[in-house]
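What the coordinates show
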Amino acid sequence: MPPRPEALIEFSHEAKKPEPNIGTIAKILHSDVGISAAVLQVVNSAAFRRAREIDSIDQAIMTLGLKRLVPLVKAVALRATVGQNTEIAQWLPMYTLIMGWFGIFKG
């Protein structure tokens, strides 16, 4: 399911603030099933191996942090633009997250 453009715009505005409100960001992510599913998929991947599965957006935000969350949400938006069924689209969220770790992709 592609993300709603309104949710992406709201997320972008909040994330660009000097002091983004985590509660507002969580509310925005809760409102969009596409973004929420992608965030949960990444946070439960092998890169973030946990003793138990993370099943809430609030836990996912705390685990990822904003520095990783912002590029991830941008990758979800890009994947929706490129198309869900292409090979590159399947790898975009994880690729963007990895590039963010190395400081290559700035969110």
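Details of the structure are given in the entry above.
Bear in mind the structure is a predicted one, so any value in this text is a computation, not a measurement. (Residues numbered from 1 in each chain as written. Predicted model: local features only at pLDDT ≥ 70, side-chain atom pairs only at ≥ 80, totals over all residues. Heavy atoms only, no water.)

Considerations on the environment of Gln-41
Note the threshold: Only runs of H or I of at least four residues qualify as helices and only runs of E of at least two qualify as strands under DSSP, and these elements are numbered from the N terminus. Residue exposure (1.4 Å probe, protein chains only): buried if accessible area is under 20% of the type maximum, exposed if over 50%, otherwise partly exposed.
Residue position: Gln-41 is located in helix 3 (residues 33-43). Assessed through its relative accessible area of 54%, Gln-41 is described here as exposed. Each C-alpha atom of the pair Gln-41 and Ile-54 lies 9.3 Å from the other, and the pair is 13 residues apart in sequence.

Points about the packing of helix 3 against helix 4 (residues 57-64)
Stated precisely, the cut-off is as follows: Inter-axis angles, ranging from 0 to 180 degrees, are taken between N-to-C directions of lines fitted to C-alpha atoms, where helices are fitted over the stretch in contact. Roughly parallel covers angles under 35 degrees, roughly antiparallel covers those over 145, roughly perpendicular covers 65 to 115, and oblique covers all other angles. Left-handed describes a crossing whose near helix is turned anticlockwise from the far helix by less than a right angle; the clockwise case is right-handed. Note on contacts: a residue pair is in contact if any heavy atoms of the two residues lie within 4.5 Å.
The geometry of helix 3 relative to helix 4 is characterised by a closest axis approach of 10 Å and an angle of 55° between their N-to-C directions. Put simply, helix 3 runs oblique to helix 4. Note on packing geometry: the crossing formed by helix 3 with helix 4 is left-handed. Residues Ser-36, Val-39, Leu-40 and Val-43 of helix 3 lie in contact with helix 4, whose contacting residues are Ile-57, Ala-60, Thr-63 and Leu-64.

Concerning helix 2 (residues 22-30)
Every α-helical turn comprises 3.6 residues, leaving residues that sit three or four positions apart pointing alike. Counted only if it meets this: What the arc describes is the spread of directions from the helix axis to the C-beta atoms.
For helix 2, every residue scored as buried is listed here: Ile-25, Ala-26, Ile-28 and Leu-29. Along helix 2, the residues classed as buried sweep out an arc of 160° about the axis, all on the same side.

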